[in-house]
Amino acid sequence: MMNLLYDHLAVNQKGHLTIGGADTVDLAGTFGTPLYVMDEAAVRTMCRTYRQAALANFGPDALPLYASKALCFTEMYRIAAEEGMGVDCVSGGELYTARHAGFPAERIYFHGNNKTDRDIVDALDMGVGTFVVDNTDELYALDRLAGERNIRQRILLRITPGIDPHTHKAISTGRVDSKFGSPIATGQALDIVRLALSLPHINLHGFHCHIGSQIFDIDPFVDAARIMVDFIATVRDETGFTASELNLGGGLGVPYTEFDRKVDYAAAIRDMATAIRTICEERKVGMPRIILEPGRSLVAAAGITLYTVGSVKTIPGFRTYVSVDGGMPDNPRYALYQSQYTALIANRPDAPRTERVTLAGRCCESGDLVGEDMPLQQASRGDILAVLTTGAYNYSMASNYNRIPRPAVVLVKDGTPRLAVRRESYEDLVRNDL
Ligand SMILES: *Cc1c(COP(=O)(O)O)cnc(C)c1O
């Protein structure tokens, strides 16, 4: 029997792959393919794992945030709200969706390295709890727009600690040379703190850093925390301001293949807390309120994508292409990062994976691949193919390239599916065309 990576995936008596107790072949029949399917219980369990670990180890005011760019639609914000999470939004569109879901605005952290005036106004008007301010231009704009509304806006400043967590370059964001935040190493971080403290409509609470994604060790987080606590001490000594909040970003990893490690998230948070407490004691800095903002690790494992196989083509001496009815438009991650995935034939997952295939999409683009050199069962036209661990950065990164409508998103709860996002129609594609 093959390794299905996660407990919410299984094989039923018909020999079909199930997710959260629902038969994936039935789901494909009912909702069509390509189809994103999420096990709601798996998402809620991860929210609870983070929340309980944060409360137990960081104290009663700890607040884990869901980094909603990982998977963003109305029902996800409702789930996050019900689970007592905060959320991190990075655009006007994410804020709008959160508001549409009735998400409590005071629990929103508003990120982004280039917020427009319109974004800032929208966020102020909806009462967003905390802005994470990236740069001095934004700080001046926020001070002016908050002033016009007689608001003193609570903020954190995004700081770059200068860390490379050894993951892929495109998803490593804590180095000095980054479009995000103000580097400590160049003195710009201290400068922006002084500026924030001088502005009348800015209420500085602390600092934020985010070092990258798909990280399996807590060491880079502890390194970042040490640098950030040192920075808190420097700021205190230089300006008299003591940060009361430290947001260490997201980034814990998930397994995409049987060769990836599994992370014990509760243990990781406990060990981080122990290390941070020691660092604060050594630096004689009071333990700040610690915020974590996981995205991928909350939703990636809960999701799979179902496709229908359309063709199997072997180029002798080269490789076998298995083409499916989706690809780069619903999952651009192989094209962007050569991300690895696990694929299987959902109507016979227990058959041995004797083939090595290139899983191709249907776009006019050679790079439109879901993966290369992937183990797979013998496939033929009409088979339902499942790609695992697609809950994060798939739907949220989907495009309409080649005018391919975006798939539906189905949530499964107690074995029963419900539509969370309708499949786009061809009419949707021309809706804004004049
Ligand atoms: C993307 C992002 C996250 C979430 O990262 P994951 O790797 O998905 O956990 C958190 N914070 C910020 C600022 C981000 O940009």
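Please read all numbers here as calculations on a predicted model, not as lab measurements.

Conventions we followed
Residues numbered from 1 in each chain as written. Predicted model: local features only at pLDDT ≥ 70, side-chain atom pairs only at ≥ 80, totals over all residues. Heavy atoms only, no water. Helix = DSSP H or I, 4+ residues; strand = E, 2+ residues; numbered from the N terminus. Buried < 20%, exposed > 50% of the residue type's maximum accessible area, 1.4 Å probe, protein only. Contact = heavy atoms within 4.5 Å. Areas by Shrake-Rupley, 256 points an atom, 1.4 Å probe, with all protein chains shown as cover. Pairing = 2+ DSSP bridges. Axes fitted to C-alpha atoms, helices over the stretch in contact; angles between N-to-C directions. Parallel < 35°, antiparallel > 145°, perpendicular 65-115°, else oblique. Left-handed = near helix turned anticlockwise from the far one by under 90°. Nonpolar A, V, L, I, M, F, W, Y, C, P; charged D, E, K, R; others polar. Salt bridge = Lys/Arg side-chain N within 4 Å of Asp/Glu carboxyl O. Near = heavy atom within 4 Å. Polar contact = N/O pair within 3.5 Å; in protein donor to acceptor, adjacent residues only side chain to side chain. Phe/Tyr/Trp six-rings, centres within 6.5 Å; stacked < 30°, edge-to-face > 60°. Domains from an automatic or database assignment. Buried area = accessible area lost by both parts, 1.4 Å probe. Disulfide = S-S within 2.5 Å.

Draft legend 1. Summary view of the overall build of the protein chain. Of the regular secondary structure elements, the protein chain holds 12 helices and 21 strands. For the protein chain, the proportion of its 434 residues judged to be buried stands at 57%. Sequence-distant contacts in the protein chain: of pairs separated by 6 or more residues, those separated by 24 or more amount to 68%. Carbon and sulfur atoms provide 49% of the accessible area of the protein chain, an area that totals close to 18000 Å².

Draft legend 2. Looking closely at the sheet that holds strand S2 (residues 17–19). With antiparallel pairing, 3 strands are arranged side by side in an open sheet as S1-S2-S3. Every other strand in the sheet has two partners, leaving strand S1 (9–11) and strand S3 (22–23) as the edge strands with one partner each. Across 3 bridges, the pairing between S1 and S2 is antiparallel. Within the sheet, the bridge partner assigned to leucine 9 lies in S2 and is isoleucine 19.

Draft legend 3. Local environment of the packing of helix H5 (residues 117–125) against helix H6 (residues 136–148). Between H5 and H6, whose axes approach to 10 Å, the crossing angle comes to 45°. Classed by the angle they form, the pair H5 and H6 counts as oblique. As H5 runs across H6, the sense of the crossing is right-handed. Along the contact surface, H5 presents Asp117, Ile120, Val121 and Leu124, while H6 presents Glu138, Ala141, Leu142, Arg144, Leu145 and Ala146. Residue composition of the contact of H5 with H6, grouped by class: 7 nonpolar, no polar and 3 charged.

Draft legend 4. Representation of the pattern of salt bridges. Tallied over the full model, the rule gives 28 salt bridges. Where glutamate 75 meets arginine 78, a salt bridge forms, and the shortest distance between an N and an O atom there is 2.4 Å. Residue glutamate 75 and its partner arginine 78 are located together in helix H3 (residues 74–82), separated by 3 residues, close to a single helical turn. Exposure remark for arginine 78: the relative accessible area of 35% places this residue in the partly exposed category.

Draft legend 5. Local environment of the site of the ligand. Taken together, 15 residues lie around the ligand, and Lys69, Ser213, Glu293, Arg296 and Tyr393 are the ones closest in. At a separation of 2.3 Å, an oxygen atom of the ligand approaches a polar side-chain atom of serine 213. Contact with the protein chains hides 94% of the accessible area of the ligand, taken as 390 Å² for the molecule alone. For the shell around the ligand, the residue count by class is 3 nonpolar, 7 polar and 5 charged.

Draft legend 6. Molecular detail of the packing of aromatic side chains. For the structure on display, the rule yields 8 aromatic pairs. Judged by centre distance (5.0 Å) and plane angle (65°), the rings of phenylalanine 207 and phenylalanine 231 are edge-to-face. Highlighted residues: phenylalanine 207 in strand S11 (residues 202–208) and phenylalanine 231 in helix H8 (residues 219–239), separated in sequence by 24 residues. For phenylalanine 231, a relative accessible area of 5% gives the class buried.

Draft legend 7. Seen up close, the domain arrangement of the protein chain. What the domain assignment reports for the protein chain is domain 1 (9–32 + 303–430) and domain 2 (40–299). The centre of domain 1, based on its C-alpha atoms, is set 33 Å off from the matching centre of domain 2. Among the residues of domain 1 in contact with domain 2, Tyr337, Thr389 and Tyr393 are the three that bury the most area, contributing 30% of the side total. Counting across the domain 1 and domain 2 interface gives 3 salt bridges. The partner of glutamate 40 in a salt bridge is arginine 418, and the shortest N-O contact between them spans 2.7 Å.

Draft legend 8. Seen up close, the pairing of strand S15 (residues 319–324). Note: strand S14 (residues 303–315) against S15, 6 bridges, orientation antiparallel. From the neighbouring strand, lysine 313 faces S15, where its bridge partner is tyrosine 321.

Draft legend 9. Highlighting the state of the cysteines. Considering all chains together, one arrives at 0 disulfides under this definition. No disulfide involves cysteine 363; its nearest neighbouring cysteine sulfur is the one of cysteine 364, lying 7.1 Å away. Exposure remark for cysteine 363: the relative accessible area of 10% places this residue in the buried category.

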